[in-house]
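# Understanding the architecture of this molecule
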Amino acid sequence: MPNTSYLKGKINDLKKYFNKNIDIIWVRGIHISNMLRVLSKIFIFIRNMVKYYDLYLPFLFKMFLRKKVPVIYIMGDAFEALTAIPMAILISPRLVIGLHNPSPNHRSFIVLLPILRLMSILRILRGIHCVNVLDAIILRKYLRGVNVFYLPNGVDTSRFKPSLKNNMFQVIFVGALHYGKGIDVFLKAIEYIISNNLCQKCVFKIASIGGPLEDLIREYAQKGYVDYLGYVEDSKLVEELARSHVAVFPSREEAFGLVVLEAMASGTPVITTNIVAFKQTNKENVTGFFVRVDDPIDLANAIIKVYNLWKYQSERYFEMCQNARLRAEEFSWNRIVKMLLTKISQ
């Protein structure tokens with residue numbers, strides 16, 4: 001299960017940009033990857049319901065009262081979506097499957113194609129929402145008769161907005177501390193910059209809910225290489241993104257990369273790896289720069305490139321900041337939700 005405060009924040013973002021008469025329930029389903037293990041999955045589901053009661057209770061209350069809601073949006077693969085069928089029959093005319101996983105199980109959709117087609121014919125399943133254009137291309141090829149559509153994530157441009165930059169050059173990483181996010185690449189880039197004295201009086205910050213590489217981050221923090229902020233409250237994160245001079249995302253894999261948009265909406269240029277997810281938002285030499293995957297030297301050089309722009313070509317640097325903001329405005333929740341409603345109403 002995801003961090004509940006983070007998840008509820010994203011749900012509230014969606015609710016804010018629907019109207020007052022629309023509710024949305026965001027449900028995490030049971031992953032039935034093997035039908036012989038259904039009982040164990042049910043046990044896990046019940047355990048999660050107890051553990052994350054603050055997410056499940058409002059939904060269960062509405063289901064008990066059979067109170068109709070317009071949309072059930074379930075994040076996961078096709079097996080997880082099966083658990084939402086009774087919910088859809090009881091309380092909602094529309095079910096949407098959201099594919100937000102950086103390594104989605106495409107095969108589950110292909111295996112369950114007949115069921116997905118039947119759900120589509122009965123107007124129970126209104127669509128499969130892919131936030132990664134490559135996932136949409138793959139699923140459209142195999143899921144004939146099912147509404148598969150690409151629609152990027154949105155960002156709250158009223159909450160994330162530009163502010164004055166810090167006097168000292170600040171680089172920020174926001175994300176989970178695991179291999180897929182490339183945090184180890186960022187640490188090596190920092191070491192390279194410091195050992196070669198490429199950036200004087202630079203501050204490197206890491207904001208994260210944690211992860212398997214957290215101990216490594218703490219070691220670097222003790223050496224004075226990074227300022228490890230740990231989990232940052234939403235209001236503080238908004239401030240940190242806006243006051244940073246560049247945000248780095250050296251991920252090895254991503255479905256979309258929402259925090260990239262949040263940084264750009266804050267008027268902060270971004271450095272991302274050149275994977276499909278980030279090519280949906282970042283623009284080379286316009287809103288930031290691309291670097292190769294698993295290349296700390298390339299990342300370090302890109303950071304120094306932004307540093308030199310800020311220090312010696314401030315007009316060009318602040319033009320990039322403005323470009324980042326303008327680009328993020330193309331992904332405002334206001335616009336994205338209208339498009340989503342159109343897609344699932346077809």
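The shown structure was predicted, so the numbers you read here are calculated from the model rather than taken from an experiment.

Calculation rules
- Residues numbered from 1 in each chain as written.
- Predicted model: local features only at pLDDT ≥ 70, side-chain atom pairs only at ≥ 80, totals over all residues.
- Heavy atoms only, no water.
- Helix = DSSP H or I, 4+ residues; strand = E, 2+ residues; numbered from the N terminus.
- Contact = heavy atoms within 4.5 Å.
- Buried < 20%, exposed > 50% of the residue type's maximum accessible area, 1.4 Å probe, protein only.
- Lys, Arg positive; Asp, Glu negative; His and termini not counted.
- Salt bridge = Lys/Arg side-chain N within 4 Å of Asp/Glu carboxyl O.
- Polar contact = N/O pair within 3.5 Å; in protein donor to acceptor, adjacent residues only side chain to side chain.
- Pairing = 2+ DSSP bridges.
- Right-handed = clockwise from strand over helix to strand, strands pointing away.
- Phe/Tyr/Trp six-rings, centres within 6.5 Å; stacked < 30°, edge-to-face > 60°.
- Lys NZ or Arg CZ within 6 Å of the ring centre and 35° of its normal.
- Axes fitted to C-alpha atoms, helices over the stretch in contact; angles between N-to-C directions.
- Core = buried A, V, L, I, M, F, W, Y, C linked by side-chain atoms within 4.5 Å.

## A few points about the environment of arginine 144
Locating arginine 144 in the fold gives a position in the loop between helix H8 (133–142) and strand E5 (148–150). Spatially, the C-alpha atom of arginine 144 lies 8.5 Å from that of leucine 113, the residues being 31 residues apart in sequence. Beyond its immediate sequence surroundings of up to four residues, arginine 144 is in contact with Leu113 and Arg117.

## Here's the deal with the side chain of lysine 165
Take lysine 165: it is sitting in the loop between E5 and strand E6 (170–174). With no salt bridge to any partner, buried lysine 165 finds its closest opposite charge in glutamate 240, at an N-O distance of 10 Å. Within the local environment of lysine 165, its side chain forms a polar contact with the side chain of threonine 268, the two groups lying 2.8 Å apart. Residues in contact with lysine 165, not counting those within four places in the same chain, are Leu241, Ala242, Arg243, Ser244, His245, Ser266, Gly267, Thr268, Tyr317, Phe318 and Cys321.

## Quick notes on the pairing of E6
Of all five residues making up E6, five are buried, and the element is well covered by its neighbours. Judged by which residues are buried, E6 turns out to be covered on both faces: Gln170, Ile172 and Val174 on one side and Val171 and Phe173 on the other are all buried. As defined by bridge partners, E6 adjoins strand E7 (residues 203–207) across five bridges and the pair is classed as parallel. Note that in E7 the partner of glutamine 170 across the bridge is valine 203. This β-α-β element, E6 to helix H9 (residues 183–195) to E7, shows right-handed connectivity. Of the pairings in the sheet, the one linking E6 to strand E9 (residues 246–249) comprises two bridges and is parallel in character. Note that in E9 the partner of valine 171 across the bridge is valine 246.

## Some points on the packing of aromatic side chains
Two measures describe an aromatic ring pair: the distance that separates the ring centres and the angle between the ring planes. A complete count under the given rule lists nine aromatic pairs for this structure. Ring centres 6.3 Å apart and planes at 65 degrees place the aromatic pair phenylalanine 186 and phenylalanine 204 in the edge-to-face group. With phenylalanine 186 in helix H9 and phenylalanine 204 in strand E7, this pair connects stretches of sequence that are 18 residues apart. By relative accessible area, which is 0% here, phenylalanine 186 ends up buried. Ring geometry for tyrosine 317 against phenylalanine 318: centres 5.0 Å apart, planes inclined by 75 degrees, an arrangement best described as edge-to-face. These aromatic residues form a ring-pair network of at least three members: Phe169, Tyr307 and Trp310. Against the face of tyrosine 220 rests lysine 223, its NZ or CZ located 5.2 Å from the ring centre. Stacked on the ring of tyrosine 179, the Lys or Arg arginine 252 has its end atom at 3.6 Å from the ring centre.

## Overview of the sheet that holds strand E11 (residues 288–291)
Ordered in space as E8-E7-E6-E9-E10-E11, the six strands form an open sheet in which the pairing is parallel. The sheet is open, and its two borders are formed by strand E8 (227–230) and E11, each paired with just one other strand. Taking the axes of each pair of neighbouring strands and ignoring which way they run, one obtains an average angle of 20 degrees across the sheet. Two strands pair when backbone bridges link them, and E9 and strand E10 (residues 270–273) are joined in this way by three bridges, in the parallel orientation. By the bridge assignment, valine 248 is partnered in E10 with isoleucine 271. Sheet contacts for helix H14 (residues 296–312): E6, E9, E10 and E11; angle to E11, the most-contacted strand, approximately 165 degrees.

## Regarding the nonpolar core
Ranked by size, the top nonpolar core spans 35 residues in total, and within it Phe169, Phe186, Ile206, Ile271, Leu299 and Ile303 carry the most contacts. In terms of residue count, the dominant contributor to this core is H14 (eight residues). Setting aside residues up to four positions removed in sequence, leucine 299 forms contacts with Val185, Phe186, Ala189, Val248, Pro250, Ile271 and Val291.

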